[in-house]
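Chain by chain, the residues:
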Amino acid sequence: MPLFLTMSGKTNAVRDSAAIPPPAGLDRRAARRAATRQEIVDAAWQIARENGLSGLSMRDLGDRVGMRAQSVYSYFASKDDIYDAMFRQGYEAFIAWMDVDGEQPATDAREATRFFAHRFFDFCTSDPVRYQLLFLRTIPGFEPSPESYQVAVRALDDMQRTLTRLGVTDPDSADLATAVLTGLTSQQIANDPGGDRWERLVDRAADMVLAEVAPHLLMPHRPTTRTSA
């Protein structure tokens, strides 16, 4: 999936900045701290979308949330810790976006695969900065924490289970699908932002992947005929 998982749109419906409620049972002080951490992460997304991921600074963050830069360190030990919170939040948003059980068209495997391919592509192209953080090694030296990395692993596992439900049993199918779709995404963002040049290729790309990992699913269904005795 993302390079982190191989380490050895037109829609903005799902945004990382959606507030995450603090865990049940927190006292007031802990709840306020959780809310402040969320505010800092929201501000980090805003700055990154304005200035790029590398343009994030603790001073700008402090100004955005109304505190001194040094105070930000009392909530996050380093800038990489903020990137880590953004990474985790981004993958939680991705999982929620791809969880469309019951919404996908109840048709054949080809149409269902195309549907999920468009969902993936739309999520990625709707927010280029988030896409860069989740799927590219944009920040030198940054590695997600084990806890955040597990959210990314869960996202890949969910995709593999979806493909399995469609009848795709190739163990590398999710890796191949994400490689193809992120390639289209990168081309779209880099060379036709806001357009549809590579979006128009999503259906063909989905068919290509399906033809490689489960060609039998592309064969037209032919009802069996009984011969009379």
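Residues numbered from 1 in each chain as written. Predicted model: local features only at pLDDT ≥ 70, side-chain atom pairs only at ≥ 80, totals over all residues. Heavy atoms only, no water.

Peer 1: A description of the pattern of salt bridges should follow, citing residues and the corresponding values.
Peer 2: Applying the stated criterion to the full structure yields ten salt bridges. With its nearest N and O atoms 3.0 Å apart, the salt bridge here joins R64 to E50. Of this pair, R64 sits in helix α2 (residues 58-65) while E50 sits in helix α1 (residues 28-51); the two residues are 14 residues apart in sequence, bridging distant segments of the chain. Taking the relative accessible area as the measure of exposure, R64 reaches 36% and is therefore partly exposed. Owing to a relative accessible area of 52%, E50 belongs among the exposed residues under this scheme. Among the ionic pairs, R110 bridges to D207, the shortest N-O distance being 2.9 Å. Of this pair, R110 sits in helix α5 (residues 109-126) while D207 sits in helix α9 (residues 202-213), and the two are 97 residues apart along the sequence. If you follow the salt bridges from partner to partner, you end up with R110, E111, R114, D203 and D207 in one network. (Salt bridge = Lys/Arg side-chain N within 4 Å of Asp/Glu carboxyl O. Helix = DSSP H or I, 4+ residues; strand = E, 2+ residues; numbered from the N terminus. Buried < 20%, exposed > 50% of the residue type's maximum accessible area, 1.4 Å probe, protein only.)

Peer 1: Residue-level account of the nonpolar core, with values.
Peer 2: Taken as a class, soluble globular proteins show a tendency for nonpolar side chains to be buried jointly. Counting residues in each nonpolar core, the largest one holds 58 residues, and the members touching the most others are L61, I82, M86, Y91 and F94. Taken together, the elements giving at least two residues each to this core come down to α1, α2, α4 (79-98), α5, α6 (128-135), α7 (146-165), α8 (173-191) and α9. Considering every element that reaches this core, the biggest residue donor is α4, with eleven residues. (Core = buried A, V, L, I, M, F, W, Y, C linked by side-chain atoms within 4.5 Å.)

Peer 1: An account of the confidence of the model for the chain is needed here, citing residue identities and associated values.
Peer 2: Averaged over all residues, the pLDDT of the chain is 87; the fraction at 70 or higher stands at 82%. Confidence over residues 6-15 falls short of pLDDT 50; this stretch has 26 contacts with residues more than four positions distant or in other chains. (pLDDT = per-residue confidence, 0-100. Contact = heavy atoms within 4.5 Å.)

Peer 1: A description of empty space enclosed by the protein should follow, citing residues and the corresponding values.
Peer 2: Of the pockets and cavities examined, the largest cavity occupies roughly 30 Å³. If you go around the largest cavity, the residues you meet are T113, L163, V168, S173, V209, L210 and V213. Here the lining of the largest cavity gets three residues from one element, more than from any other, and that element is α9. Of the residues in the lining of the largest cavity, the class split is five nonpolar, two polar and no charged. (1 Å grid on protein atoms, 1.4 Å probe; cavity = no way out; pocket = protein on both sides within 12 Å on 5 of 7 lines; lining within 4 Å. Points joined across faces, edges and corners; volume = space filled by probe spheres on them. Nonpolar A, V, L, I, M, F, W, Y, C, P; charged D, E, K, R; others polar.)

Peer 1: Quick rundown of α2? Include the residues and the values.
Peer 2: For an α-helix, the turn length of 3.6 residues means that residues three or four places apart are oriented alike. Burial in α2 covers these residues: M58, L61, G62 and V65. One side of α2 carries all its buried residues, which in axial view fall inside an arc of 100°. Residues R59 and D63 are exposed on α2 and point more than 90 degrees away from its buried face. Looking at the buried residues of α2, the elements they touch are α1, α3 (69-72) and α4. With its phi angle positive at about 80°, G66 sits one or two positions after the end of α2. (Arc of directions from axis to C-beta.)

Peer 1: Got a sec to walk through the environment of R165? Specific residues and values, please.
Peer 2: Within the fold, R165 resides in helix α7. Along the primary structure R165 and A109 are separated by 56 residues, whereas in three dimensions their C-alpha atoms are 9.3 Å apart.

Peer 1: An account of the packing of α4 against α7 is needed here, citing residue identities and associated values.
Peer 2: Contact pair α4 / α7: the axes reach a minimum separation of 9 Å and the direction vectors enclose 20°. Viewed along their axes, α4 and α7 adopt a mutual orientation that is roughly parallel. Note on packing geometry: the crossing formed by α4 with α7 is left-handed. Contact residues: α4 offers D84, F87, R88, Y91, E92, F94 and I95, while α7 offers E147, S148, Y149, V151, A152, R154, A155, D158 and M159. Residues that form the contact of α4 with α7 fall into these classes: nine nonpolar, one polar and six charged. (Axes fitted to C-alpha atoms, helices over the stretch in contact; angles between N-to-C directions. Parallel < 35°, antiparallel > 145°, perpendicular 65-115°, else oblique. Left-handed = near helix turned anticlockwise from the far one by under 90°.)

Peer 1: Could you give me a rundown of the packing of aromatic side chains, with the residues and numbers involved?
Peer 2: One pass over the structure, following the stated rule, counts eleven aromatic pairs. An angle of 80° between the planes, with centres 6.2 Å apart, marks the rings of Y91 and F94 as edge-to-face. Placement of the pair is Y91 and F94 together in helix α4, with a separation of three residues, close to one helical turn. Here Y91 falls in the buried class, since its relative accessible area comes to 0%. Taking the centre distance of 5.5 Å and the plane angle of 25° together, the rings of Y131 and F135 count as stacked. Here Y131 pairs with F135, and both are found in helix α6, just four residues apart, close to one helical turn. (Phe/Tyr/Trp six-rings, centres within 6.5 Å; stacked < 30°, edge-to-face > 60°.)

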